[in-house]
Structure formats: C-alpha cells, structure tokens
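# Results of the structural survey
Below are the chains, spelled out letter by letter.
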Amino acid sequence: MTTTYAALLRGINVGGSRKVPMADLRTLMEDLGHGGVRSYLQSGQAVFTAHHGDEDSLAAELTEAIEKRFGFPVDVIVRDHAYLKAIADNCPFSAAELEGRQLHVTYFSAPVHEDRFAEIDRAAYLPEEFRLGDRALYLYAPNGLGRSKLAEHLSKPRLNKGVIATSRNWNTVVKLVEMTGE
C-alpha cells in the first residue's frame, strides 16, 4: 500500500543561496524509489508516494540524500495527506475570508506547547495573532509575513530550539492538501 506525502524543505532557494532546483529534487526523490513525485513552486515542497517508512524516517532519508547530492544540510519535514487536511480543516482563523498572504502555518517536526511561547505579550502584537495546532502554529498577519513583527518574534531561534520549523502561506497549505489528495 502506498501513502501520499508532502516533503517541506526549510530555507532553500531564498536569496540566491542554498539552491535546490526542483527538477533535481524530483529526480533525487525518484532515485530514492518514491513515486508520483511532483514539486510545487520553487520554495521547497514536493509531493510523493512511498511504499515504506513513516514521516520521520522518510524525512531523515531525504535530508541525508539532499546533503549528499547538493553539499549542504536542509531540514525536511514530511507529512501525509490526512495530517495536512486536518491542519487545513482545523484552522482557528476564518481562512475563507482572508487573503493567502495573511494566514500562515508553521509546521514543526515535533509537538510544541503553549509554555514555549509564554514570554510573548500577545496583546502587544494585535491585530496579529497566533494559535497552536497539532505540530503546527497558525499565524494571522493582516499585513503579510514580510511586515509582521509577530512573525519576526516567532522565528527567534530560542523559541524553535529542538524542533525543525518551516512556514507556508495559506495558498500553499491548501495546494498541498489538494496535491496529496489526488
């Protein structure tokens, strides 16, 4: 039996460094024995099927293969369709009423808890706000991620210590649900 997954690569093809061409990534994943490999945009997401493994072992396999092929480490999170759909379905914000650039999901490699973010004075960032989900953080940034002071604070290394964290805008969240559901 095969399962459809999305691989989320962190911090590639941004600012001219850590280049991972999507065609090369697709070939690498096919060489690992994955089927139905498709990429989405240039910002580091690919959909694939696998006959073996779990999310963590698939992420580790891909991380190792990317470093070997491209010469630098890339953090990878792998999630299956059911998880991605649940994240979209359980969004605590009115996603249908917002522009894709206003809503983001940060996926974590492991569960995170409210106490990790206890230092943040949430009222100081309003109307921006965030809420936690299953290994995810939903961020509402009405003026977009690039102008978000809350997003800047949430990306501090001490808040993400011990986990891989990678963010996607709502349009990408929805597209990955569609692609893994096909």
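The structure reproduced in this document is the subject of the present report. (Residues numbered from 1 in each chain as written. Predicted model: local features only at pLDDT ≥ 70, side-chain atom pairs only at ≥ 80, totals over all residues. Heavy atoms only, no water.)

## Concerning the packing of helix 3 (residues 81–89) against helix 5 (residues 170–181)
Rules: Here an axis means a line fitted to C-alpha atoms, over the contact stretch when the element is a helix, while the angle between two N-to-C directions is reported on a 0 to 180 degree scale. Helix and strand labels come from DSSP, where a helix needs a run of H or I of at least four residues and a strand needs a run of E of at least two; each type is numbered from the N terminus. We call a crossing left-handed when the near helix sits turned anticlockwise from the far one by less than a right angle, and right-handed when that turn is clockwise. Any two residues whose heavy atoms approach within 4.5 Å are treated as being in contact. Residues are grouped as follows: nonpolar covers Ala, Val, Leu, Ile, Met, Phe, Trp, Tyr, Cys and Pro; charged covers Asp, Glu, Lys and Arg; every other residue, Gly included, is treated as polar.
Interhelical geometry of helix 3 versus helix 5 gives an angle of 145° and a closest axis separation of 9 Å. The interaxial crossing formed by helix 3 with helix 5 has left-handed handedness. Where helix 3 approaches helix 5, its residues His 81, Leu 84, Lys 85, Ile 87 and Ala 88 are matched on the opposing element by Trp 170, Val 173, Leu 176, Val 177, Thr 180 and Gly 181. Looking at the contact of helix 3 with helix 5 residue by residue, the class counts come to seven nonpolar, three polar and one charged.

## A word on the pairing of strand 7 (residues 136–140)
Selection criterion: Only protein chains enter the accessibility calculation, which uses a 1.4 Å probe; a residue is then buried when its area is under 20% of its type maximum, exposed when over 50%, and partly exposed in between. Pairing between strands is defined by DSSP: at least two bridges between the two strands are required.
Of all five residues making up strand 7, five are buried, and the element is well covered by its neighbours. Side chains Ala 136, Tyr 138 and Tyr 140 of strand 7 all project onto a buried face; the interleaved residues Leu 137 and Leu 139 project onto the opposite face, where all are buried too. With five bridges joining them, strand 5 (residues 103–108) and strand 7 adopt antiparallel strand pairing. Residue pairing in the sheet places His 104 in a bridge with Leu 139 of strand 7. In this sheet, strand 7 lies alongside strand 6 (residues 129–133) in antiparallel orientation, the contact comprising five bridges.

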